[in-house]
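These are the residues of each chain, in order.
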Amino acid sequence: MVRMTSVTKSYHSGTRPALDDINLEIGAGEFVFLVGPSGSGKSTLLRLLLREERPTSGVVEFAGRDVASIPDRRVPLLRRQVGCVFQDFRLLADRTAAGNVAFAMDVTGRPRHVVRTVVPEVLDLVGLAGKENRYPDELSGGEQQRVAVARALVARPQVLLADEPTGNLDPATGAGIMNLLGAINRVGTTVVMATHNAALVDTMRRRVVELEHGTLVRDQASGGYEPTL
Amino acid sequence: MGGPGGFWRLRLPRPPAGGNEDMTGMRAGALLAIGVTSLRRNLATSVAVIVAVTICLTLLGAGLLLRAQVHTVDGFLLDRIQVVIDLDDGISGAERDTLAADLRADPLVQNVRYEDKAQAFARFRHDFRNSPDIVSGVSAADLPASFRLTLADPRRAGEIITYYTGRDGVDRVRDQRALLAPLYRILDACTIGAFALAAVQALAAFALIYTMIRVSAHGRRRETAIMRLVGATNGTIRAPFVLESAVAGMAGGLFAAAALIAGKIYLVDHRFARQTAFPLFGWEAVWAVAVGVLLIGTGASAAMAFVALRRHLHV
Ligand SMILES: Nc1ncnc2c1ncn2[C@@H]1O[C@H](COP(=O)(O)OP(=O)(O)OP(=O)(O)O)[C@@H](O)[C@H]1O
Ligand SMILES: [Mg+2]
């Protein structure tokens, strides 16, 4: 699904690269935690997959295609196949939960009748039944993150990238979001989640990829947050 | 949550065959809603843009109508009459024949045409068909019969005038070109002035549209970031901005068209038509110019937005 071959990314020439010679392969349907200290390059790795950035050298492949060589015109198609959620939710304050999800469908040209039927369905799936008409400031952080997940899901992405999705949430709420991502992964969506949340990583026991100063220092099948020898 | 098994029920519509390859843009309704919301949100800037576009297009339209006026006057003189010899109503047949023979023999005169009172009235009614007030006050008896001359050299009109003025049966000799020269000069100067002011105003409109797009792109940066994230095409991301500007331009065009129509009714028809001896442009010219400024306003504003977007929206 995702393959990185000798990927290096330097934002400014001369400085230490944000990612240094990364080799990584993620299969379809996998769940991967991306851990590492602040500034180790986790977000940069996710941005390469979204074509927000291009690697300085090396090849990033998604579904067999070299992401850097996708023509600009077709990048939106990549982004419909790669969903993403962030620590800060990124919702529109002047739209309801349903409105935020519908917005994502509207701007990608989905027909109105599809939007009408799918939005309540997806909000129900992420556990927001009955809260469709609440504005973001009337929802808890956990609920806002669920709206963001619902918005990422409506395009039926093959991969869901989550950049510290629990970073702004208390542990219990974070665990709820974690369960949601786990459920999404179980129906076949590949999930890559960058996180500092050691407790979650330790309880889930999934594949862990650790970065440090931009290099891959650990890739463990069912790892914890800290390396186990 | 709908229970952990809930996701097995996930019944999202399958993407079209070949994956999410459907690059269709936003529905028109959703697009329009975003554009109009944005216009309302930046009301002060939008109003400034509409005012600037209105002034610009009104000046442009006025310039175009002045040109239409020049054409109307040209048409009025289409038979290229340069000197007109008005005849006394009491001229005898013999006097008229002698005069005609002299004129035909005159080397300075290229062409002579006699126009009787009925013909003069018919031509007058045609020339002033857009000024009914003038026509209604005149009858065939009021207009003199005349010889209408085309000169071999229009600059020597003065010699003709001195030579024929005061002859028996001649009321007066008029040089129409000389009469019209100041009018042409005024019309030309006004046309150039209107176009120059319209150009300056177009610059102002562009600066304001540029600002409007900047303000609007700033206000909607979260929205555009999300659009990019969920895979909206560049066209879709830009469309609301272009639409916003086009709507403002169209509003300006409508106001300008209204101003030109009001100008035709209150200035041209009610004021000038009573004061001038020349025919004035008709409604066909006004409609053509009104449609023109509406299209130019909409199109140019959309194009200006496109240019501004290259600077303010990175997709
Ligand atoms: N847009 C950018 N321009 C320049 N440098 C950047 C940019 N984004 C990130 N960097 C640098 O690249 C390095 C890796 O940053 P990145 O955001 O990928 O780290 P991270 O692992 O996500 O950190 P955190 O856990 O704090 O989110 C850092 O040194 C950062 O300063
Ligand atoms: Mg980060």
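Structure: above.
Residues numbered from 1 in each chain as written. Chains lettered and ligands numbered in written order. Predicted model: local features only at pLDDT ≥ 70, side-chain atom pairs only at ≥ 80, totals over all residues. Heavy atoms only, no water.

**Examining the sheet that holds strand 1 (residues 83-87) of chain B**
Residue and element names in this part refer to chain B. Heads up, the rule is: Note on pairing: two strands pair once DSSP finds at least 2 bridges between them. The way it works is that DSSP assigns letters per residue, a run of H or I at least four long becomes a helix, a run of E at least two long becomes a strand, and they are numbered from the N terminus. Note on geometry: axes are lines fitted to C-alpha atoms, helical ones only across the stretch in contact, with angles between N-to-C directions running from 0 to 180 degrees. In what follows, residue pairs with any heavy atoms lying within 4.5 Å of each other are defined as contacts.
The strand order across the open sheet built from four strands is 2-3-1-4, with neighbouring strands paired in antiparallel fashion. Looking along the sheet, the strands with just one partner apiece sit at the ends: strand 2 (109-115) and strand 4 (170-175). Across the sheet, the mean angle separating the axes of adjacent strands is 20° when strand polarity is ignored. Examined bridge by bridge, strand 2 and strand 3 (residues 146-151) share six bridges and lie antiparallel to one another. Bridge pairing in strand 3 places valine 112 opposite leucine 149. Set on the sheet, helix 6 (residues 157-164) makes contact with strand 1, strand 2, strand 3 and strand 4; between it and strand 4 the angle comes to about 170°.

**Details of helix 4 (residues 112-125) of chain A**
Residues and elements named next belong to chain A. Definition in use: Any helix carries an expected span of 1.5 Å times its number of residues minus one. Fitting axes to the seven residues ending at a residue and to the seven starting there, one defines the bend at that residue as the angle between these axes. Any residue under 20% of the maximum accessible area for its type is buried, any over 50% is exposed, and the rest in between are partly exposed; the area is computed with a 1.4 Å probe on protein chains only.
In this model helix 4 runs 20 Å from its N-terminal to its C-terminal C-alpha over 14 residues, within 8% of the 20 Å that 1.5 Å per residue would give. Largest kink in helix 4: about 25°, centred on valine 118, with the proline proline 120 one to four residues after it. Among the residues making up helix 4, those that are buried are Val114, Val115, Val118, Val119, Glu121, Val122, Leu123 and Leu125. For helix 4, the elements touching its buried residues are helix 3 (97-106), helix 5 (141-153) and helix 6 (171-186). A positive phi of about 90° marks glycine 127, the residue just after helix 4.

**So, unusual backbone geometry**
Residues and elements named next belong to chain A. The backbone of aspartate 21 sits at a positive phi, close to 50°, despite the residue not being glycine. Structurally, aspartate 21 is set in strand 2 (residues 19-26). Judged by relative accessible area, aspartate 21 falls into the partly exposed class, the value being 44%. Here arginine 156, not a glycine, exhibits a phi torsion of approximately 50°, which is positive. Along the chain, the position of arginine 156 falls in the loop between helix 5 and strand 7 (159-163). Here arginine 156 falls in the partly exposed class, since its relative accessible area comes to 26%.

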